[in-house]
Amino acid sequence: MKQEDRAELLRRLDAEAKVAGDAVAEVIGQLTVQGLDPFAILAGAHAQIVVGMAMVWGDELAAQRLESAAGRLRNPPTVEDVALAMVAPAGTA
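Just so it is clear, the structure is predicted and the values come from calculations on it, not from any experiment.

Peer 1: Just to check I follow, could you spell out the overall build of the protein chain for this structure?
Peer 2: Looking only at helices and strands, the protein chain has four helices and zero strands in total. When the helices and strands of the protein chain are placed in sequence order, the string is α-α-α-α. When the backbone C-alpha atoms are referred to their principal axes, the protein chain occupies close to 55 × 45 × 30 Å. With an accessible surface of roughly 8000 Å², the protein chain has 65% of that area assigned to carbon and sulfur atoms. Looking at the protein chain, you have 8 positive and 13 negative side-chain charges, and the mean spots of the two groups are 6 Å apart.

Encoded structure:
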């Protein structure tokens, strides 16, 4: 794929992701107004996303991606680690 074609594809995907994200936000807002618990909404949305990932990528790749994400959630960095990582280096060692 040519560099220009790849750039155009990424622009198109970004635009579509924005439209999809806006639509999802609208639906979540409507469901919240109807009285559904936000955590239940997110859990239901997550389940549908996982099914979609498996349909598009296949079970094995979807499972690998979800396991990778779960690993990041199990061991998040501490607030202190994040703060330290954001500080510009100073001095010499």
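Let's pick the thread back up.
Peer 1: Just to check I follow, could you spell out helix α2 (residues 38-57) for this structure?
Peer 2: Every α-helix winds through 3.6 residues per turn, so residues three or four apart in the chain are directed the same way. For α2, built from 20 residues, the straight-helix expectation of 28 Å at 1.5 Å per residue is met to within 8% by its first-to-last C-alpha distance of 28 Å. Following α2 by one or two positions, Gly 58 adopts a phi angle in the positive range, close to 95 degrees.

Peer 1: Explain the environment of Asp 14 to me, please; I cannot follow it from the model alone.
Peer 2: With respect to the helices, strands and loops of the structure, Asp 14 is situated in helix α1 (residues 3-33). Of the residues examined, Asp 14 reaches a relative accessible area of 56% and is grouped as exposed. Put simply, Asp 14 and Leu 61 are 47 residues apart on the chain and 22 Å apart in space, counted from C-alpha to C-alpha.

Peer 1: Any chance you could explain a nonpolar patch on the surface here in plain terms?
Peer 2: Together, Val 51, Met 55, Val 56, Trp 57 and Leu 61 make up an exposed nonpolar region whose accessible area comes to about 550 Å². Sorting elements by how many residues they give to the nonpolar patch places α2 first, with four residues. Tracing the sequence through the fold places Leu 61 in helix α3 (residues 59-74). For Leu 61, a relative accessible area of 36% gives the class partly exposed.

Peer 1: Got a minute to help me understand the confidence of the model for the protein chain in this structure?
Peer 2: Chain-level pLDDT for the protein chain is 91 on average; 99% of the residues reach the 70-or-more range. α2 holds the highest mean pLDDT among the elements of the protein chain, 95, whereas helix α4 (residues 79-86) holds the lowest, 87.

Peer 1: Whenever I open this one, the pattern of salt bridges confuses me. Can you help?
Peer 2: Proximity of charged atoms lets side chains of opposite charge pair with each other. Counted by the stated rule, this structure contains three salt bridges. Across the salt bridge formed by Arg 11 and Glu 8, the nearest N and O atoms sit 3.2 Å from each other. One end of the pair, Arg 11, and the other, Glu 8, are both in helix α1, three residues apart, so they sit about a helical turn from each other. Notably, a salt bridge pairs Asp 22 with Lys 18, separated by 2.9 Å at the nearest N-O pair. Within this pair, Asp 22 and its partner Lys 18 are both found in helix α1, separated by four residues, close to a single helical turn. With a relative accessible area of 53%, Lys 18 lands in the exposed category.

How each quantity is defined
Residues numbered from 1 in each chain as written. Predicted model: local features only at pLDDT ≥ 70, side-chain atom pairs only at ≥ 80, totals over all residues. Heavy atoms only, no water. Helix = DSSP H or I, 4+ residues; strand = E, 2+ residues; numbered from the N terminus. Areas by Shrake-Rupley, 256 points an atom, 1.4 Å probe, with all protein chains shown as cover. Lys, Arg positive; Asp, Glu negative; His and termini not counted. Charge placed at Lys NZ, Arg CZ, Asp CG, Glu CD. Expected span 1.5 Å × (residues − 1). Buried < 20%, exposed > 50% of the residue type's maximum accessible area, 1.4 Å probe, protein only. Patch = residues over 30% accessible without salt bridge, like charges linked within 9 Å, V, L, I, M, F, W, Y side chains within 5 Å. Salt bridge = Lys/Arg side-chain N within 4 Å of Asp/Glu carboxyl O. pLDDT = per-residue confidence, 0-100.

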